[in-house]
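Each chain, written out:
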Amino acid sequence: MDAALAPLLVSLLCLLAVAGGLPSASAARAFFVFGDSLVDNGNNNYLLTTARADAPPYGIDFPTHQATGRFSNGLNIPDIISEHLGAEPALPYLSPELRGEKLLVGANFASAGVGILNDTGIQFVNIIRIGDQLQYFREYQRKLRELIGEEQATQRVNQALVLITLGGNDFVNNYYLVPMSVRSRQYALPDYVRFILSEYRKILLRLYDLGARKVIVTGTGPLGCVPAELALHSQNGECATELTRAVNLFNPQLVDMARGLNRALGADVFVTANTLRMNFDYINDPERFGFTNVQVACCGQGPYNGIGLCTPASNVCDNRDVFAFWDAFHPTERANRIIVGQFMHGDTDYMHPMNLSTILAMDREGL
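Quick summary incoming for the structure in this document.

Criteria and cut-off values
Residues numbered from 1 in each chain as written. Predicted model: local features only at pLDDT ≥ 70, side-chain atom pairs only at ≥ 80, totals over all residues. Heavy atoms only, no water. Helix = DSSP H or I, 4+ residues; strand = E, 2+ residues; numbered from the N terminus. Expected span 1.5 Å × (residues − 1). Buried < 20%, exposed > 50% of the residue type's maximum accessible area, 1.4 Å probe, protein only. Contact = heavy atoms within 4.5 Å. Phe/Tyr/Trp six-rings, centres within 6.5 Å; stacked < 30°, edge-to-face > 60°. Pairing = 2+ DSSP bridges. Right-handed = clockwise from strand over helix to strand, strands pointing away.

1. Observations concerning helix α7 (residues 189-209)
No. 1: For α7, which comprises 21 residues, the first-to-last C-alpha distance of 30 Å matches the rise-based estimate of 30 Å (1.5 Å per residue) to within 8%.
No. 2: Every buried residue of α7 is accounted for by L189, Y192, V193, F195, I196, L197, Y200, I203, L204 and L207.
No. 3: The positive-phi residue at the C-terminal boundary of α7 is G211, with phi of around 110 degrees.

Given below as structure tokens:
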């Protein structure tokens, strides 16, 4: 394209946005997602990695009944949040379809296998580590500015909702990956927790520097109670002791760290989600939520269906709605919907200092 025509094209796109040819910055707020396999919706499909969910029976209950790269039988947490925002799901950043007006919806930068630390998930080889996810966010913003101009792009990013989910892999796929791992020899568990939280604080500050102003930060779920860990460490269905200890150290300190950041910034930028409690609500009282099984994965093999990957050769349950876990590590869509319900309406024991419904109501009131 002739360089002289580029400014004219940008002006034309902005006029189209105002006239209705493109969604304007006042449309449903943008949504950005960072993190690991709990929130990846297909970035790893475009990478040479073993951390992928792009083959059946993944996606068996997705609207298209196709595997999409989501580690779920159907929708994952970002998809369900998008429903509440009244928006279509943000596309994976690596998707070639993420261009033009699709940029206004937001983007999902998450990549299965990553953690807070760069050495987490090294066995998966080629994944988008969190520093690279943030670099992609910077690149995304350049594309957005080219589409709608600098002022509107800045406003769209500042008003966006951001979700970040990190930490679980730093235990499962790093500290406890093998006996006497490098990190476990380097740090006692309490010191390791403090170390990764100090690194997480830097990541959250970088998000803020890149324009994020409302960020949901999830704690880790019940890592010791997932089918994979039950298969490896449980004799009678009890949760793995060491991973449970790690989670109980990590989550409260994560909340304290986020509160400290908010005090330093003078605003409630970071909202913590107590996903451990959200999961334990249905693990401890499955009948109340309509689950008949909260230990065995729907898809897998071996004890608790927790050994190896979910593949076409795996056992697959007939009714996914009564299982809390889809595969060895990840919730079913039904469990994800329960979790997002607490994101939306949970009290301060679940969402601190406010839930997502409050955030959206404040937006409507212009607060």
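2. Describing helix α2 (residues 77-85)
No. 1: With seven of its nine residues buried, α2 lies for the most part within the structure.
No. 2: Burial in α2 covers these residues: I77, P78, D79, I80, I81, S82 and L85.
No. 3: Close packing links the buried residues of α2 with β1 (31-35), β2 (106-108), β3 (161-165), α11 (333-345) and α12 (356-364).

3. Some thoughts on the packing of aromatic side chains
No. 1: Overall, the coordinates contain 19 aromatic pairs when judged by the stated rule.
No. 2: With a centroid separation of 5.0 Å and an interplanar angle of 55 degrees, the aromatic rings of F32 and F137 are classed as tilted. Taken together, the positions of F32 in strand β1 and F137 in helix α3 (residues 130-148) put the pair 105 residues apart, joining distant regions of the chain. Summarising the burial analysis for this pair, F32 and F137 share the class buried.
No. 3: A ring pair is formed by Y58 and W326, whose centres lie 6.0 Å apart and whose planes are at 70 degrees; its orientation type is edge-to-face. With Y58 in the loop between β1 and α2 and W326 in the loop between β7 (315-316) and α11, this pair connects stretches of sequence that are 268 residues apart. Across the pair, exposure class does not vary: Y58 and W326 are buried alike.
No. 4: Three or more aromatic residues link up through ring pairs in this structure, and these residues are F32, F34, Y93, F109, Y136, F137 and Y140.

4. Digging into the pairing of β1
No. 1: In terms of residue burial, β1 counts as a mostly covered element, since five of its five residues are buried.
No. 2: In this sheet, β2 lies alongside β1 in parallel orientation, the contact comprising three bridges. Bridged to F32 within β2 is A107.
No. 3: Handedness of the β-α-β unit built from β1, α2 and β2 comes out right-handed.

All quantities given are derived from atomic positions and should not be read as evidence of function.
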